[in-house]
Amino acid sequence: GIDDHVYVVFLPVLLFVILYNFSTIGFLSGLTLFLSSLSVLLVGRFVDKLGSSRVHSIGATSVSFFHVIRVFLSIPLFLYIVDIIDRVIGMFYSLPLMSRTYELAQQDNVSDFILYREYVLHTGILVTAVVAVFLVVVLPNWQWVFIFAAVGGALTRFLFSEKN
């Protein structure tokens, strides 16, 4: 959840600071939503063929890469392109992660698993908010908070490793 929560809070701020145009932000957000919705169908097929762990690994690496790129962007066109690509590729991250989570829930007591998952998720949201605010205050360039999101996304690759 680290990368999602940093993305949801700080990307709109970054878009507005660079673009300063609500109409353009709205258009691009709608386009991104449409394309990412279509990508769900594609990703579902990949998960069925390759397995959730492999697809998630590819997605986590890609999402982390795009978070790092955001730190260095200041040209609106490039920021939009990265955002659209990231949202489409982001389905390779989130869909297999959810799939694997529910597969594990079916192997255990489903309600206990979901309660534990929600507890961990909300604790992560709290920790993410505190660390992100701290980084924004401490760092000279607030965009570096996206590195925190990149690390969080990359770490999810290890959640379901066979050694755990």
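Please refer to the structure higher up on the page.
Residues numbered from 1 in each chain as written. Predicted model: local features only at pLDDT ≥ 70, side-chain atom pairs only at ≥ 80, totals over all residues. Heavy atoms only, no water.

## What about the overall build of the protein chain?
Working step 1: In terms of helices and strands, the protein chain carries six helices and zero strands.
Working step 2: What you see in the protein chain, going N to C, is helices and strands ordered as α-α-α-α-α-α.
Working step 3: Dimensions of the protein chain, computed from the C-alpha atoms along their principal axes, are close to 50 × 35 × 25 Å.
Working step 4: Intrachain contacts of the protein chain at a sequence separation of at least 6 include 78% that bridge at least 24 residues.
Working step 5: Positive and negative side-chain charges of the protein chain, numbering 9 and 10 respectively, have mean locations separated by a distance of 8 Å. (Helix = DSSP H or I, 4+ residues; strand = E, 2+ residues; numbered from the N terminus. Contact = heavy atoms within 4.5 Å. Lys, Arg positive; Asp, Glu negative; His and termini not counted. Charge placed at Lys NZ, Arg CZ, Asp CG, Glu CD.)

## Remarks on the packing of aromatic side chains
The relative placement of two aromatic rings is captured by the distance of their centres and the angle of their planes.
Working step 1: Evaluated as defined, the whole model comprises three aromatic pairs.
Working step 2: Measuring from centroid to centroid gives 5.5 Å for Phe65 and Phe66, while their planes differ by 70 degrees, and the two rings are edge-to-face.
Working step 3: Ring centres 5.6 Å apart and planes at 85 degrees place the aromatic pair Phe72 and Trp144 in the edge-to-face group. A residue pair is termed long-range when its members are at least 10 positions apart, and Phe72 in helix 3 (residues 52-72) and Trp144 in the loop between helix 5 (110-138) and helix 6 (145-155) qualify at 72 residues.
Working step 4: We classify Trp144 as partly exposed; its relative accessible area is 37%. (Phe/Tyr/Trp six-rings, centres within 6.5 Å; stacked < 30°, edge-to-face > 60°. Buried < 20%, exposed > 50% of the residue type's maximum accessible area, 1.4 Å probe, protein only.)

## Comments concerning the packing of helix 3 against helix 4 (residues 76-107)
Working step 1: Where helix 3 meets helix 4, the axes come as close as 8 Å, and the angle between the chain directions of the two elements is 145 degrees. As for how helix 3 packs across helix 4, the hand of that crossing is left-handed.
Working step 2: Its residues placed into classes, the contact of helix 3 with helix 4 shows 13 nonpolar, seven polar and five charged. (Axes fitted to C-alpha atoms, helices over the stretch in contact; angles between N-to-C directions. Left-handed = near helix turned anticlockwise from the far one by under 90°. Nonpolar A, V, L, I, M, F, W, Y, C, P; charged D, E, K, R; others polar.)

## What to know about helix 2 (residues 22-50)
Working step 1: Here helix 2 is 29 residues long and its end C-alpha atoms lie 40 Å apart, about the 42 Å a rise of 1.5 Å per residue gives.
Working step 2: In helix 2, a bend of some 25 degrees at Val40 exceeds every other bend along the element.
Working step 3: The complete set of buried residues in helix 2 reads Ile25, Leu28, Thr32, Ser36, Ser39, Val43 and Val47. (Expected span 1.5 Å × (residues − 1). Bend = angle between axes of the 7 residues up to and from the residue.)

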